[in-house]
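Examining the three-dimensional arrangement
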Amino acid sequence: MDQLLEMADIVSGIIWGPFVLIPLLLGVGVYLTIRLRLLQLLRLPHALWLALVRRKEDPSVEGDISHYQALSTALAATVGVGNIAGAALAIGIGGPGALFWMWVVGLFGMATKYSEALLGVKYRRTDAKGEQSGGPMYYLKYGIKGGLGTFLGVSFAVFGAIAAFGIGNGTQANTVAQQMNSVTGVAPWIIGLVLMVLAGAVILGGIKSIGRVTSALVPIMIVGYVGICLIVLAANWAALLPAFQLVITSAFTGTSATGGFVGAGVMVAIQMGFARGIFSNESGLGTGGIAAAAAKTTQPVRQAMVSMTQTFIDTIIVVSMTCLVIIVTGVWQVENPEDGSLLTSQAMTEGLGAISPALGSAGAYVVAISVTVFAFSTLLGWAYYGERCVEFLAGRGFVLPYRLVFIVVIFVGSVASLDSVWLFSDIANGLMALPNLIGLILLAPVISAETRKFFAHPDWKNPDVMMDDVRG
């Protein structure tokens, strides 16, 4: 096992090193941003209005869930322990500068997420049960002609079905079990068992069940967590401006050793920012296209605008809150952090303690509850992602067995080794992203053409106009 972990560490270092995924993720995001002419910034207000304000839907439109439920499912899958534990670990290892590079991932990742969702809707298919099935495996196979498209699509589906057990299952269950055990003393296996039963009850109901639960749960969990973080930042307002200055300067100069922190160079900050950033918002993994494909919509571009707000909410808002709380409280200056959620818990305890000792004692419980709710929602979203990959590879008949295995792994993940779970998740994420990113480059002309046609229509701002004639 030690040799296996050592080899896995080497593979992870190569995939997430300076010559593979980091330049590819950044390059694809920049390339799509240029081709889309900064769409993720210029159209963001309208996209947020579509996503959060307008909920009207046409029941006659093809799809399984509303565009808001599709967004909620995607947010449920992305706003997980990566926003609490992963982001905290990035700061603890890479220093405050890692937050800046997570912002970079988020900014360009919005263009990537937009593109994934657009293609996911455009190339979606109806499965044997009459449900919509889409995502990278479909737009790679049907959008890129010949053997290359098929190879990339199958590769994504294989890696996606496997990765779901890591990023969307093992890391989530493990972090919940450890965090709840630290504040309640309840054995991890008991916590894992309860989590397995609750998640299983929703997962077995399929996408409509998942959509109903996440659409109700996601707004409460995000608003509640962000609200508590804002209270901590307000209580430590004097340290807020220096925190932003530290984030910017250390992103380009590295972070010196201070307190228990051993110091980190610029490359470490970039590597941690990109690895944890994509773990958090999943831009580049292609999962946003899977959720978007289930939406009731006739317009790929409109759903793509809704989907790109997911990255904005996840990284620019939620991840920033976690990291800033850790930085302003000074908790990031620890030696060899091993558990990001405990780092966030300590920051919450000290931050709320600055207001009153009673609130400080509640900090650990705030994080434990947040981790549990975030992870629970992520389990639901990733169960759907994994089953869509399996459906593509083997047909509808294998969906139920996959769901059952996924549910069992929730329990296994809760009692597994944290280090190994995170390590293998990073590898699976990287292997999943590679075929998707290659496909996005090859399909960029399709993305540009669909976008130009949509915005050339005089009534593109009116969601009640179906505009079927602008589809490519």
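Every chain is numbered on its own, with residues counted from 1 as its sequence reads. Totals for whole chains, interfaces and linings use every residue, but because this is a predicted model, local features are given only for residues with pLDDT of at least 70 and side-chain atom pairs only at 80 or more, for both listing and counting. Remark: hydrogens and water are excluded; side-chain values derive from all non-hydrogen atoms of the structure.

Here the focus is the side chain of Thr287. Structurally, Thr287 can be placed in helix H15 (residues 287-292). Only protein chains enter the accessibility calculation, which uses a 1.4 Å probe; a residue is then buried when its area is under 20% of its type maximum, exposed when over 50%, and partly exposed in between. The class for Thr287 is buried, based on a relative accessible area of 0%. We call two residues in contact whenever any of their non-hydrogen atoms come within 4.5 Å of each other. Not counting chain neighbours up to four residues away, the residues in contact with Thr287 comprise Lys113, Glu116, Glu282, Trp382, Tyr385 and Met432. Elements are defined by DSSP. Helices are runs of H or I of four residues or more, strands are runs of E of two residues or more, and each kind is numbered from the N terminus.

Put simply, two rings from Phe, Tyr or Trp (the six-membered ring, in Trp's case) pair if the centres are within 6.5 Å, and we call them stacked under 30 degrees between planes, edge-to-face over 60, tilted for the rest. Under the defined criterion, the tally for this structure stands at 14 aromatic pairs. Seen from their ring centres, Phe100 and Trp101 are 5.0 Å apart, and the 90° between their planes marks the pair as edge-to-face. Trp101 gets classed as buried once you look at its relative accessible area, which sits at 13%. Measuring from ring centre to ring centre gives 6.2 Å for Trp103 and Phe244, while their planes differ by 25°; the resulting arrangement is stacked. In this pair, Trp103 is assigned in helix H7 (residues 97-122) and Phe244 in helix H13 (residues 240-253), connecting sequence segments 141 residues apart. Classification of Phe244 by relative accessible area gives partly exposed; the value is 33%. Put simply, the rings of Phe100, Trp101 and Phe252 pair up and form one aromatic cluster. Against the face of Tyr142 rests Arg125, its NZ or CZ located 4.0 Å from the ring centre. Remark: a charge is flagged as sitting over a ring if the NZ atom of Lys or the CZ atom of Arg is within 6 Å of the ring centre and within 35 degrees of the ring normal.

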